[in-house]
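# Observations on the model geometry
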Amino acid sequence: MTDPPPHADDVPPVPTHDPGLPPPVDVASALTQMAGLVLSRETVDTALELVTSLAATTTAGTLGAAVTVVDEHGKRSKAASNAAAERSDALQYEFDEGPCLTAWRTQEVVRIDDTTTDGRWPRWNEAASQLGVRSVLSTPLLMREESIGAMKVYCERPHNYGPHDEHVMRLLAAQAAILLANSQSLQEARRLSRQLTEALASRDAVAQATGVLLARGAASAQDAFATLAAAARRTGSPVLDVARALVAAVAVRNTAPPAPDNPGP
Amino acid sequence: MTSEERSRRMDTARLRAELTVSDLWLRYVAMGGTGDAFDVDGYLQGLVPLDTYQQDVLAQAVNEALDDRYRAYSVPLSTPRPGDAGAQQLDRLIEGLLGDEAPDPWAGSEPPCPGPA
């Protein structure tokens, strides 16, 4: 791999939630490093497209190729080499049946020799044959023990794929799985970074509110926190809201003109 | 409540709120908790002691997560109440907290928890 190392500017700026608080610490770059050498999403997509087009050209007669990704956001296709492949995939997600979903679920290679005679996925086979897809080869994408999707090739002729194509697809699927796992760890790093940034902003607010209460005579930080928690319980709002409201109220008091019955010098 | 009971109840509440230990730890840190994830995990399993301040922060974090969970399930009424009563109450409470005269915003609430054991 000759990709450049990831840069912090790959990560979009995280919006701050309270303009009154200092900007939160940017932990994104540190986390990206923690997640190991992570490729940028653009690099991953380009490399995935390379793998699918390689699959399309090394398996003779292939009409289209694509990768199915399954994660907590659902099922979707990536790097489809043409519209027919994309459409055939979309039908699988719509019907929740089809060779790639079976390859993903069972972690085994699935081959359809002829969609007009194969009875395993009747709805999908019928729809796919109308799109001009007659034979399919689909390989699961495995990361360690976990199945994260499938890579497939579609052909407009029946009986197009044999053991050699299965072998080629297994090799390419291993590469695609590595690329996908890489982009998932990048997303994970981004998610963690966003969560931590929010947590730090919240923590700042609670610490400031604790300071205000200490200055107003709270016996200890624990005592101040108990006051905040009690206020939160009584108003049914989170401690964070109480803390922010308290800090905001103090700021308003400090900037307000002195009251007439309490004249300044 | 003994310390052991308390940690067990917190872990039950955590499961009820559908939080992983690290989710709960993040909420606890966001509220000012200073223990690391290992401390929190150990405490929830009854293996590691946590001082009462940190226990309070953790309890508040898990309680708010439970509130969030129940709020997600609750069904709104057809006509919402006019005004934001909660916000007004919060404003009054904060006025009380910042007031120069000795505030007594806690009338009727349970007493604050005792100091460190």
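Since we're looking at a predicted model, the values are computed, not measured.

Okay, the overall build of chain A next. Within chain A one finds eight helices and five strands. When the helices and strands of chain A are placed in sequence order, the string is α-α-β-β-α-α-β-α-β-β-α-α-α. As displayed, chain A offers around 13500 Å² of accessible surface, 55% of which is attributable to carbon and sulfur atoms.

All names here are of chain A. Read across the open sheet, the five strands follow the order β2-β1-β5-β4-β3; overall the sheet is antiparallel. The strands lining the two open edges of the sheet, one partner per strand, are β2 (74-78) and β3 (110-112). Each strand axis lies, on average, 20 degrees off the axis of its neighbour in the sheet, ignoring direction. Here nine bridges tie strand β4 (residues 135-143) to strand β5 (residues 146-155), and the two strands are oriented antiparallel to one another. Opposite P140, over in β5, you have A150 as the bridge partner. Contacts between helix α4 (residues 99-106) and the sheet are confined to β1 (62-71), β2, β3, β4 and β5, with β5 contributing the most and set at about 150 degrees to the helix. On the sheet, helix α6 (residues 163-215) packs against β1, β2, β3, β4 and β5 and is oriented at approximately 40 degrees with respect to β4.

Another aspect to go through is the pattern of salt bridges. For the coordinates displayed, the defined rule picks out 14 salt bridges over all chains. Between D96(A) and K75(A) there is a salt bridge whose closest N-O contact spans 3.7 Å. With D96(A) in the loop between α3 (83-95) and α4 and K75(A) in strand β2, this pair connects stretches of sequence that are 21 residues apart. With relative accessibility at 34%, the residue K75(A) sits in the partly exposed group. Here E4(B) and R8(B) are joined by a salt bridge, their closest N and O atoms 3.9 Å apart. Taken as a pair, E4(B) and R8(B) lie in helix α1 (residues 3-16) at a separation of four residues, close to a single helical turn. By sharing partners, the salt bridges in this structure join K75(A), D96(A) and R105(A) into a single network.

What follows deals with helix α4 (residues 52-73) of chain B. Taking 1.5 Å per residue, 22 residues should reach 32 Å; α4(B) reaches 31 Å between its end C-alpha atoms and fits that length. Looking only at α4(B), the buried set comprises Q54(B), Q55(B), D56(B), V57(B), L58(B), A59(B), Q60(B), A61(B), V62(B), E64(B), A65(B) and L66(B). Where α4(B) is buried, its residues meet α7 (221-235) and α8 (239-255) of chain A together with α1, α2 (21-30) and α3 (37-44) of chain B. Capping the start of α4(B) is the job of one residue whose side-chain oxygen sits 3.1 Å from the backbone nitrogen of Y53(B): D51(B).

Here the focus is unusual backbone geometry. Here A79(A), not a glycine, exhibits a phi torsion of approximately 55 degrees, which is positive. Note that A79(A) resides in the loop between β2 and α3.

To continue, consider the environment of T52(A). Residues and elements named next belong to chain A. Following the sequence through the fold, T52 ends up in helix α2 (residues 41-58). Between the C-alpha atoms of T52 and A80, which are 28 residues apart in sequence, the distance is 7.3 Å. Not counting the four nearest positions on each side in its chain, T52 is found in contact with A65, A66, V67, A79 and M151.

Turning to the interface of chain B and chain A, a few remarks are in order. Listed by partner, the interface residues are 31 residues for chain B and 30 residues for chain A. Joining chain B to chain A, the criterion identifies one salt bridge. The shortest N-O distance in the salt bridge between E95(B) and R253(A) comes to 3.0 Å. Taken together, chain B and chain A are joined by nine residue pairs in polar contact (both at pLDDT 80 or more). Counting only elements with at least two residues in the side of chain B that touches chain A, the list comes to α2, α4 and α5 (85-98) of chain B. The element best represented in the side of chain B that touches chain A is α5(B), accounting for eight residues. By residue class, the composition of the side of chain B that touches chain A is 17 nonpolar, eight polar and six charged.

We now examine the pairing of β2(A). All names here are of chain A. Pairing of β1 with β2 involves five bridges; the strand directions are antiparallel. Along β2, the bridge assignment pairs V67 with K78. What sits between the antiparallel neighbours β1 and β2 is a turn of two residues.

Right, let's get into the environment of Q60(B). For Q60(B), the location among the structural elements is in helix α4. For the pair Q60(B) and M31(B), spaced 29 residues apart in sequence, the C-alpha separation works out to 8.5 Å. Apart from the residues within four sequence positions on either side, Q60(B) is in contact with F225(A), A229(A), A232(A), V239(A) and M31(B).

Residue and element names in this part refer to chain B. Remark: α2 packs on α4, axes separated minimally by 9 Å, with the N-to-C direction vectors making an angle of 115 degrees. Considering their axes alone, α2 and α4 lie roughly perpendicular with respect to each other. The chirality of how α2 crosses α4 is right-handed. For the pair α2 and α4, contact is made by L24, R27 and Y28 and by Q54, V57, L58, A61, V62, E64, A65 and D68, respectively. Considered class by class, the residues forming the contact of α2 with α4 number seven nonpolar, one polar and three charged.

Turning our eyes to something else, we now look at the side chain of T139(A). Residue and element names in this part refer to chain A. Mapped onto the elements, T139 comes out in strand β4. In this structure T139 comes out as buried when scored by relative accessible area, which is 3%. Here T139 is in contact with A103, V109, G149, A150, M151, M169, R170 and A173, once residues within four sequence places are set aside.

Criteria and cut-off values
Residues numbered from 1 in each chain as written. Chains lettered and ligands numbered in written order. Predicted model: local features only at pLDDT ≥ 70, side-chain atom pairs only at ≥ 80, totals over all residues. Heavy atoms only, no water. Helix = DSSP H or I, 4+ residues; strand = E, 2+ residues; numbered from the N terminus. Areas by Shrake-Rupley, 256 points an atom, 1.4 Å probe, with all protein chains shown as cover. Pairing = 2+ DSSP bridges. Axes fitted to C-alpha atoms, helices over the stretch in contact; angles between N-to-C directions. Contact = heavy atoms within 4.5 Å. Salt bridge = Lys/Arg side-chain N within 4 Å of Asp/Glu carboxyl O. Buried < 20%, exposed > 50% of the residue type's maximum accessible area, 1.4 Å probe, protein only. Expected span 1.5 Å × (residues − 1). Polar contact = N/O pair within 3.5 Å; in protein donor to acceptor, adjacent residues only side chain to side chain. Nonpolar A, V, L, I, M, F, W, Y, C, P; charged D, E, K, R; others polar. Parallel < 35°, antiparallel > 145°, perpendicular 65-115°, else oblique. Left-handed = near helix turned anticlockwise from the far one by under 90°.

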